[in-house]
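Here's the letter readout for the chains.
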Amino acid sequence: MDAKTVAAHWEANAENWTHYSRAGHDKHRDALNTPSFLAFLPEIEGLTGLDLGCGEGTNTRSVAAQGAKMTGLDIAPTFLRHAQETEASDPRGITYVLGDGLTLPFPEASFDFATAFMSMMDMSDQAGVLREVFRVIRPGGFFQFSILHPCFVPPRRRNIRNEAGEPVAVEIADYFRETNGDVETWIFSSIPAEERANVRAFTVPRFHRTLSSWVGMIVAAGFTIEALNEPMADEATAAAVPTVADTRIAPLFLHFQLRKAA
């Protein structure tokens, strides 16, 4: 699957995704993944950053709140429209740009750092995107991104629950089957049952890569892996938001922190 087809899927998803995520139905993002990602970031106050695959801008705004001057880039015009409308009503100094990670519309060494919240795994040529991000980051800068954990969320994953409905194990399969646009169809699980019949399901192309493939692409692009993070919900969060309780059994997300040599 090429980048143009991927863009068409995300443009089709964008309106519903924005509505339901902003209504609080992206529980894994809000309760666990984004807070952990932000806590994992190095000091960014006063730096310039690129948020790659920014979507409707919620995470970009969270990074900007830590004092960085941000540019958000996405392939879906509807996502960018929502992001720009929010910026107009509540300015955070963010510029939003329509673009593709394979051909970033910026000169070499334009940014001190880059972020990508759960977007790298949805790109058709991750090796090419890593090279482009490396190009636009200044020497000494970093790139931090989150993905579905390749070891624990391969093409097949199923939570195993006890009689009380609590997660007790995770079944995984097809880890070594790298995919090139297999389309998954789903909606946020917390959308009320009475709304589900009228919700257009998201269609999300999957580009699963093994952990060794990710490391190989990162090294080939020129980055050094500085740190990794595997978010796990604490007991209080799992009790308050049962949707994320399975992350106490096995991680759902993996965060990479990469560095470009000075």
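These figures come from a predicted structure and were not determined experimentally. (Residues numbered from 1 in each chain as written. Predicted model: local features only at pLDDT ≥ 70, side-chain atom pairs only at ≥ 80, totals over all residues. Heavy atoms only, no water.)

### Re the pattern of salt bridges
So, point 1. The tally for this structure, following the rule as stated, stands at 17 salt bridges.
So, point 2. The residue Arg 61 makes a salt bridge to Asp 90 at a minimum N-O spacing of 2.8 Å. Here Asp 90 lies in the loop between helix H4 (77–89) and strand S3 (95–98) and Arg 61 lies in helix H3 (residues 58–64), a separation of 29 residues in the sequence.
So, point 3. Here Asp 182 makes a salt bridge to Arg 177, at a shortest N to O gap of 3.0 Å.
So, point 4. Owing to a relative accessible area of 35%, Asp 182 belongs among the partly exposed residues under this scheme.
So, point 5. Given the relative accessible area of 39%, Arg 177 is considered partly exposed.
So, point 6. Within the structure, one salt-bridge network assembled from shared partners comprises Arg 22, Arg 29, Asp 30 and Glu 56. (Salt bridge = Lys/Arg side-chain N within 4 Å of Asp/Glu carboxyl O. Helix = DSSP H or I, 4+ residues; strand = E, 2+ residues; numbered from the N terminus. Buried < 20%, exposed > 50% of the residue type's maximum accessible area, 1.4 Å probe, protein only.)

### Some words on the sheet that holds strand S5 (residues 137–148)
So, point 1. If you walk across this open sheet you meet the seven strands as S3-S2-S1-S4-S5-S11-S10, and the pairing is mixed. A strand with exactly one partner marks an edge of an open sheet, and here the two such strands are S3 and strand S10 (224–229). When the angles between neighbouring strand axes are averaged without regard to direction, this sheet yields 20 degrees.
So, point 2. Pairing geometry for strand S2 (residues 69–74) and S3, over four bridges, is parallel. Directly across from Gly 72, in S3, lies its bridge partner Tyr 96.
So, point 3. On the sheet, helix H5 (residues 126–136) packs against strand S1 (48–52), strand S4 (111–117), S5 and strand S11 (253–259) and is oriented at approximately 145 degrees with respect to S5.
So, point 4. On the sheet, helix H7 (residues 211–221) packs against S5, S10 and S11 and is oriented at approximately 20 degrees with respect to S11. (Pairing = 2+ DSSP bridges. Axes fitted to C-alpha atoms, helices over the stretch in contact; angles between N-to-C directions. Contact = heavy atoms within 4.5 Å.)

### Brief notes about unusual backbone geometry
So, point 1. The phi angle at Ala 109 is positive, at roughly 60 degrees, despite the residue not being glycine.
So, point 2. By secondary structure assignment, the location of Ala 109 is in the loop between S3 and S4.

### Re the pairing of strand S9 (residues 202–206)
So, point 1. Within S9, four of the five residues are buried, which leaves the element mostly enclosed by the surrounding structure.
So, point 2. Pairing analysis gives five bridges linking strand S8 (residues 182–186) to S9, with the strands arranged antiparallel. Paired with Thr 185 across the bridge in S9 is Thr 203.

### Examining the packing of aromatic side chains
So, point 1. The final tally for this structure, using the stated rule, is 17 aromatic pairs.
So, point 2. Note on Phe 113 and Phe 142: the rings are 5.1 Å apart at their centroids and 10 degrees apart in plane angle, and the pair reads as stacked. With Phe 113 in strand S4 and Phe 142 in strand S5, this pair connects stretches of sequence that are 29 residues apart. Of the two residues, Phe 113 and Phe 142, neither departs from the other in class, the shared state being buried.
So, point 3. A ring pair is formed by Phe 145 and Trp 214, whose centres lie 5.6 Å apart and whose planes are at 40 degrees; its orientation type is tilted. Here the residue Phe 145 occupies a position in strand S5, and Trp 214 occupies one in helix H7, the gap between them amounting to 69 residues. Of the two residues, Phe 145 and Trp 214, neither departs from the other in class, the shared state being buried.
So, point 4. By way of ring pairs, the aromatic residues Trp 10, Trp 17, Phe 79, Trp 186, Phe 188 and Phe 202 are connected into one cluster.
So, point 5. Geometry around Phe 134 places Lys 260 over its ring, the cationic atom sitting 4.5 Å from the centre. (Phe/Tyr/Trp six-rings, centres within 6.5 Å; stacked < 30°, edge-to-face > 60°. Lys NZ or Arg CZ within 6 Å of the ring centre and 35° of its normal.)

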